[in-house]
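# Report on the structure
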Amino acid sequence: MPTQSNISNLDTLQFDNRFVRELPGDPEPDNYRRQVYQACYSLVRPKTVKQPRLLAYSAEMAQQLGISSEACESEDFCQVFAGNRLAEGMQAYASCYGGHQFGHWAGQLGDGRAINLGEVVDHRNQHWTLQLKGAGPTPYSRSADGLAVLRSSIREFLCSEAMHHLGVPTTRALSVILTGEQVVRDMFYDGNPQLEPGAVVCRVAPSFTRFGNFQLFTARDDLDSLKTLVEFTIRADFPHLGEPSKAVYLQWFEEVCRLTAQMIAHWQRVGFVHGVMNTDNMSILGLTIDYGPYGWLENYDPNWTPNTTDAQGRRYRFGNQPKIAYWNLVQLANALYPLIQKAEPLQQALNVYTSTFEQTWRSMMADKLGLLAFDPVNDEALVADLASLLQASETDMTLFYRGLADIAMDSIEADFYSLLEGTSYGSVNSETQQLAGLWFKSYKARLQRDNRPQPERIQAMNAANPLYVLRNYLAQQAIDLAEQEDYSMVRELLEVLRHPYTQQAGKERFAEKRPDWAKQRAGCSMLSCSS
Ligand code: AMP
Ligand code: MG
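These numbers were taken from a predicted model, which means no experiment stands behind them.

On to unusual backbone geometry. Backbone geometry at Phe-102 places phi at a positive 50 degrees, although glycine is not the residue there. Tracing the backbone through its elements, the reader meets Phe-102 in the loop between strand E4 (98-101) and strand E5 (104-108). In this model, Asp-221 sits at a positive phi of 60 degrees, which is unusual for a non-glycine residue. With respect to the helices, strands and loops of the structure, Asp-221 is situated in the loop between helix H6 (211-219) and helix H7 (223-237).

This is the structure:
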């Protein structure tokens, strides 16, 4: 087994490619767009690119994989993670899946621009699938080009690592590499295509399997492949459940429900809006996956979504994410039904989603408010009233919660008003002030009931309420600079977001309210799916 970070030659990474070895593959060797049946993947080579150049890499991810920093800065790293060279042991493939998009069954989707390189085994014997996003067309590319542009690659790279450091379950990112080639994108879908710099992100996760991988087999009545994939997933990713059987399938589905509930509770805690919670974007491991038109709540608004494609129905708005995750799990339950043939135990597992979400969310809200524990009798109203107040006062969610730690049992109403005013984007009118006064009184009474020492409470709150999140406009500023070949802000954000709960000297500008100019600017408050 390799020891930590001693790999200087990528050809000595240790691969164990279970997905390719144990699952049925597509026999067709040629890379053209098509429907692929009775197969979990198609072998496909990444497209070679002209002039790959490393923009940034994640030191923690590299360390996890055992890759030394010298190796990360080498020319070979750039060639390999741009897709120009397969290192020893890599087997490149695109996986086949389907999904419900915006509530409608979409049939086969698949890795249209993601190409997996294989599974690295780290020094703890953990498998990590490496996946290049934007590495060229695959059989699943449909009408698109298989490529990714710099702006969306920076967003995916930074947010994956930021979420990891926030303690939110997520796929990771090892690197972001410029291809040296241009990609055509019509960013606003308004008939004005532009050339943009291309890039490739190397994503990393124990598995990239999605709800849609299972759904597609059931939709095609291919129950043999369905069973094979379920059993493979249990053995590879849920080995603690034991040898697959009907009972274990159910335990596994229940665990998927539990993991999904925990992930969503984290999203709600940090104010993350995924933007495209289609079932092909739901990880079987309960990881946040596919960072597209995602965004972070600025003014607290449960109806907000950053995704312009969803502006009408707002299906994937912040406040709807818990319900949508349930809906998506119901689709997964439907896909697994033929293997189980009983609705009742599947429904019971779905109930575990609801109870886990409720429980996790309550304990997170208690942490956010600095309470010893969530009191179901009184705290429900406390939390709901605060949500109404934050919405009415258009208050920055991140800054408000962070500042709330400074409110103490002996604080006066004026302290609370100034917190609210300082973190609000609007003007706090008299009606809102009244709400604020009432809420402050009940919160103070609640703190007095707990009678928790202030330093302990501050510490607990600061561990639940991040100071630094990847604010939409900050990501956009970093992108604007990167498009001018200045990568300093991408690197600085990567660094700051490594410690989101710790106040960092000189980094005040990363923990400020959104400036006015950013309110309506594309990329800052709204994003299209074009990426
Ligand atoms: P998304 O909702 O962005 O995760 O993507 C939905 C589907 O479209 C997936 O199958 C993607 O692989 C595919 N896709 C998105 N962008 C591209 C692209 N530029 N080229 C090929 N396939 C793409
Ligand atoms: Mg996707």
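So much for the structure itself; the text now carries on.
Below, the discussion takes up the packing of aromatic side chains. Throughout the structure, instances matching the rule amount to 23 aromatic pairs. Centroid distance Phe-19 to Tyr-41: 6.1 Å. Interplanar angle 55 degrees. Geometry classified as tilted. A residue pair is termed long-range when its members are at least 10 positions apart, and Phe-19 in helix H1 (residues 18-22) and Tyr-41 in strand E1 (residues 41-43) qualify at 22 residues. Of the two residues examined, Phe-19 and Tyr-41, each falls in the buried class. Seen from their ring centres, Phe-102 and Tyr-316 are 5.2 Å apart, and the 40 degrees between their planes marks the pair as tilted. With a gap of 214 residues between them, Phe-102 in the loop between E4 and E5 and Tyr-316 in the loop between strand E11 (295-296) and helix H9 (321-340) connect regions that are remote in the sequence. Given the relative accessible area of 25%, Phe-102 is considered partly exposed. A relative accessible area of 1% means that Tyr-316 is categorised as buried. For the cation-ring pair, Arg-34 lies above Tyr-32, with the distance from its terminal atom to the ring centre recorded as 4.5 Å.

This part covers the site of ligand 1. Contacts to ligand 1 come from 17 residues, most closely from Gly-110, Gly-112, Arg-142, Gly-146 and Asn-281. Note that a nitrogen atom of ligand 1 is positioned 3.2 Å from one of the side-chain N or O atoms of Arg-113. One of the side-chain N or O atoms of Asn-281 is found 3.1 Å from an oxygen atom in ligand 1. Coverage of ligand 1 by the protein chains reaches 80% of its 480 Å² of free accessible surface. Per-domain counts for the shell around ligand 1 show at least three residues from each of domain 1 (4-208) and domain 2 (212-366).

This part takes up the coordination of the magnesium ion (ligand 2). Reference values for coordination geometry: four tetrahedral donors around a metal ideally subtend 109.5 degrees, six octahedral donors ideally subtend 90 or 180 degrees. Listed as protein donors to the magnesium ion (ligand 2) are Asn-281 (OD1) and Asp-290 (OD); their distances from the metal cover 2.0 to 2.2 Å. For Asn-281, a relative accessible area of 9% gives the class buried. Relative accessible area serves as the criterion here: at 13%, Asp-290 is assigned to the buried category.

A few words on the environment of Ser-153. With respect to the helices and strands, the residue Ser-153 is situated in helix H5 (residues 150-166). Here the alpha-carbon distance between Ser-153 and Thr-305, two residues 152 residues apart in the chain, equals 20 Å. Excluding its chain neighbours within four sequence positions, the residues that come into contact with Ser-153 are Ala-148, Val-176, Ala-199 and Val-201.

The nonpolar side chains of soluble globular proteins are, as a tendency, buried together. Of all hydrophobic cores here, the largest spans 95 residues; its most connected members are Trp-252, Phe-253 and Trp-296. When residues of this core are assigned to domains, at least three fall in each of domain 1 (4-208) and domain 2 (212-366). Ignoring sequence-local partners within four residues, the contact set of Trp-252 consists of Phe-214, Val-230, Thr-233, Ile-234, Phe-238, Leu-241, Ile-284 and Leu-336. Among the nonpolar cores identified, the runner-up in size contains 39 residues, and Leu-13, Ala-71, Cys-78 and Cys-202 belong to it.

Most of H6 sits inside the fold, with eight of its nine residues counted as buried. If you check which residues of H6 are buried, you get Phe-211, Gly-212, Asn-213, Phe-214, Gln-215, Leu-216, Phe-217 and Thr-218. The secondary structure elements touched by the buried residues of H6 are strand E3 (93-95), E4, E5, H7, helix H8 (246-270) and H9. Two residues or fewer past H6, Asp-221 is found with a positive phi of approximately 60 degrees.

It is worth spelling out the environment of Pro-338 at this point. Its location among the elements puts Pro-338 in helix H9. When its relative accessible area of 22% is taken as the criterion, Pro-338 is described as partly exposed. For the pair Pro-338 and Thr-218, spaced 120 residues apart in sequence, the C-alpha to C-alpha distance is 7.8 Å. The contact partners of Pro-338, leaving out residues within four places of it in the chain, are Thr-218 and Leu-223.

Definitions and limits used
Residues numbered from 1 in each chain as written. Chains lettered and ligands numbered in written order. Predicted model: local features only at pLDDT ≥ 70, side-chain atom pairs only at ≥ 80, totals over all residues. Heavy atoms only, no water. Helix = DSSP H or I, 4+ residues; strand = E, 2+ residues; numbered from the N terminus. Phe/Tyr/Trp six-rings, centres within 6.5 Å; stacked < 30°, edge-to-face > 60°. Buried < 20%, exposed > 50% of the residue type's maximum accessible area, 1.4 Å probe, protein only. Lys NZ or Arg CZ within 6 Å of the ring centre and 35° of its normal. Near = heavy atom within 4 Å. Polar contact = N/O pair within 3.5 Å; in protein donor to acceptor, adjacent residues only side chain to side chain. Areas by Shrake-Rupley, 256 points an atom, 1.4 Å probe, with all protein chains shown as cover. Domains from an automatic or database assignment. Donors = N, O, S within 2.8 Å, 3.2 Å for Na, K, Ca; no water. Contact = heavy atoms within 4.5 Å. Core = buried A, V, L, I, M, F, W, Y, C linked by side-chain atoms within 4.5 Å.

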